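Given next are the chains, with one letter for each unit.
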Amino acid sequence: VISAIIVHGGLAKVPPEKSDGYRQGCLAAVRAGWELLSKGGSVLDAAEAAVRLLEDDSLFNAGRGASLNADGEVELDAAIMDGATLRAGAVAAIRGVRHPISVARKLMESGKTVMLVADGARRFALEQNVELCESDWLITDEQKQEWANASRAVQGSSKDTVGCVALDSDGRIAAATSTGGLLRKLPGRVGDSPLIGCGLYADSLGGTSLTGDGESIIRMALASRILALLHTGVHPDSAADAAIQQFGEKVPGEAGCIVLDSRGRFGFAHRSQNMAYAYLNSEMPAALAFTRKEAPLA
Ligand code: ASP
């Protein structure tokens, strides 16, 4: 029986001097998830732990270091899904929490509501004792600079959203995605990342987490498309390639995905210059990390 984990750190263009930071960030997240998986921890704990690490790493557009919206503020989107039960939790446009993925997890565990937005999401976080923070704590100087340099008129391009798909030795799969969304997005704008079937999905056969231009990913229902392809019996890497190909034919912009199936097989594809990702399964001697897809797996 195989266990496995794959994470991504989004589609930002990676300059050579930052390439190591992206790879190390993704590897650290893989290790955080793997430590739990190898101790028999739940696949949800592993996916949440991996994403929490990336939320704290200000290099990535999630948690601290997230992109700023048109008003220069941080509004975060995140979701988690349990493939075995199809339970899911999601938060959107939430402010002043350090780990939106953990708010999403608590919401999932609470059993009924799947998604909360804005003030309602923050109120739930407070009630559940999820770590709150000052809104300003989430804002880094680098993001302030990017905001100041970016055009006022348009929402920016896709960046370093983070995600994870994990598989435990019981064959359970979980998927998680977390983001600050697109630079200079309208306040209140929600991207694909917290939407089940768009920015993530997991069932008993496989799971996926996506990144890219949210409006286009939503219109393609890209995560559910990837799962539909997986259910035709193809290798996850073929499902990833085919979905990203369809995306490119039908809608504008960039997209990238990571995919993992219940046999521990990986897939990834991106329509963009770079995608940061790392993965490990119990048959590999060590985790691997990349900042672009170099060769097909299938
Ligand atoms: N998909 C995210 C969004 O549109 C952004 C990203 O992946 O970089 O909010």
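In this text the structure is predicted, and so the values were computed from the model without any measurement.

> Please explain the environment of Ser151 as it appears in this structure.
Topologically, Ser151 is positioned in the loop between helix H5 (141-149) and strand S5 (162-167). Distance in space between the C-alpha atoms of Ser151 and Ala228 is 38 Å, their sequence separation being 77 residues.

> Help me out: how do you make sense of the packing of helix H2 (residues 43-56) against helix H3 (residues 100-110) in this one?
When two helices pack together, you describe them by how their axes are tilted relative to each other and by the distance separating the axes. The contact between H2 and H3 brings their axes to 8 Å, and the two run at 155°. The angle between H2 and H3 places the two elements in the roughly antiparallel class. The residues of H3 that touch H2, namely those facing Leu44, Asp45, Glu48, Val51, Arg52 and Glu55, are Pro100, Ile101, Ser102, Arg105, Met108 and Glu109. The residue makeup of the contact of H2 with H3, split by class, is five nonpolar, one polar and six charged.

> Looking at this structure, I do not really get helix H8 (residues 236-250). What am I missing?
End to end, H8 covers 21 Å across 15 residues, agreeing with the expected 21 Å (1.5 Å per residue, within 8%). When H8 is considered as a whole, its buried residues turn out to be Pro236, Asp237, Ala239, Ala240, Ala243, Ile244 and Phe247. Each buried residue of H8 lies within a common arc of 160° when the element is viewed along its axis, so the set occupies one face. As for H8, its buried residues are in contact with helix H6 (214-220), helix H7 (222-230), strand S9 (255-261) and strand S10 (266-271).

> Looking at this structure, how should I read the site of the ligand?
Near the ligand, the surroundings consist of Ser158, Lys159, Thr161, Gly181, Leu182, Arg189, Gly191, Asp192, Ser193, Thr211, Gly212 and Gly214. A distance of 2.8 Å separates an oxygen atom of the ligand from a polar atom in the side chain of Thr161. Within the side chain of Thr211, a nitrogen or oxygen atom sits 2.6 Å from an oxygen atom of the ligand. Considering the ligand on its own, with 270 Å² of exposed area, one finds that the protein chains cover 100% of that surface. For the shell around the ligand, a count of residues per class yields one nonpolar, eight polar and three charged.

> Looking at this structure, how should I read the sheet that holds strand S1 (residues 4-8)?
Strand order in the open sheet made by the eight strands is S4-S3-S2-S6-S5-S1-S11-S12, with mixed pairing throughout. Two strands close off the open sheet at either side, each with one partner strand: strand S4 (115-117) and strand S12 (288-290). Neighbour-to-neighbour, the strand axes of the sheet open up by a mean angle of 5°, direction not taken into account. Bridge count for strand S11 (residues 277-281) against S12 is three bridges, and the pairing is antiparallel. Considered in S12, the bridge of Tyr279 is made with Leu288. On the sheet, H3 packs against strand S2 (76-82), strand S3 (87-94), S4 and strand S6 (173-179) and is oriented at approximately 135° with respect to S3.

> What is the right way to look at the sheet that holds S10 in this model?
Strands in a sheet are paired, the pairing made by backbone hydrogen bonds, and the direction either parallel or antiparallel. Taken in spatial order, the four strands line up as S7-S8-S9-S10 in an open sheet, and their pairing is antiparallel. Each having just a single partner strand, strand S7 (200-202) and S10 make up the two edges of the open sheet. Strand-to-strand, the axes of this sheet are offset by a mean angle of 10°, without reference to chain direction. Pairing geometry for S7 and strand S8 (residues 206-212), over three bridges, is antiparallel. Bridging from a neighbouring strand, Tyr201 pairs with Thr208 of S8. Docked against the sheet, H7 engages S7, S8 and S9, running at close to 145° with respect to S8. The sheet strands contacting H8 are S9 and S10, and the helix crosses S10 at an angle near 20°.

> It is not clear to me how a nonpolar patch on the surface should be interpreted in this structure. Could you clarify?
Together, Val114, Met115, Val117 and Ile196 make up an exposed nonpolar region whose accessible area comes to about 280 Å². Structurally, Ile196 can be placed in the loop between S6 and S7. Using a relative accessible area of 30% as the deciding quantity, one classes Ile196 as partly exposed.

> Hey, could you run me through the packing of aromatic side chains in this one?
For any pair of aromatic rings, the description rests on two quantities: the centre-to-centre distance and the angle between the ring planes. This structure, assessed with the given rule, holds seven aromatic pairs. Their ring planes at 85° and their centres at 5.5 Å tell us that Tyr22 and Phe60 sit as a pair that is edge-to-face. Here Tyr22 is found in helix H1 (residues 16-38), whereas its partner Phe60 is found in the loop between H2 and S2, with 38 residues between them in sequence. The class of Tyr22 is buried, set by a relative accessible area of 5%.

So, how was this worked out
- Residues numbered from 1 in each chain as written.
- Predicted model: local features only at pLDDT ≥ 70, side-chain atom pairs only at ≥ 80, totals over all residues.
- Heavy atoms only, no water.
- Helix = DSSP H or I, 4+ residues; strand = E, 2+ residues; numbered from the N terminus.
- Axes fitted to C-alpha atoms, helices over the stretch in contact; angles between N-to-C directions.
- Parallel < 35°, antiparallel > 145°, perpendicular 65-115°, else oblique.
- Contact = heavy atoms within 4.5 Å.
- Nonpolar A, V, L, I, M, F, W, Y, C, P; charged D, E, K, R; others polar.
- Expected span 1.5 Å × (residues − 1).
- Buried < 20%, exposed > 50% of the residue type's maximum accessible area, 1.4 Å probe, protein only.
- Arc of directions from axis to C-beta.
- Near = heavy atom within 4 Å.
- Polar contact = N/O pair within 3.5 Å; in protein donor to acceptor, adjacent residues only side chain to side chain.
- Areas by Shrake-Rupley, 256 points an atom, 1.4 Å probe, with all protein chains shown as cover.
- Pairing = 2+ DSSP bridges.
- Patch = residues over 30% accessible without salt bridge, like charges linked within 9 Å, V, L, I, M, F, W, Y side chains within 5 Å.
- Salt bridge = Lys/Arg side-chain N within 4 Å of Asp/Glu carboxyl O.
- Phe/Tyr/Trp six-rings, centres within 6.5 Å; stacked < 30°, edge-to-face > 60°.

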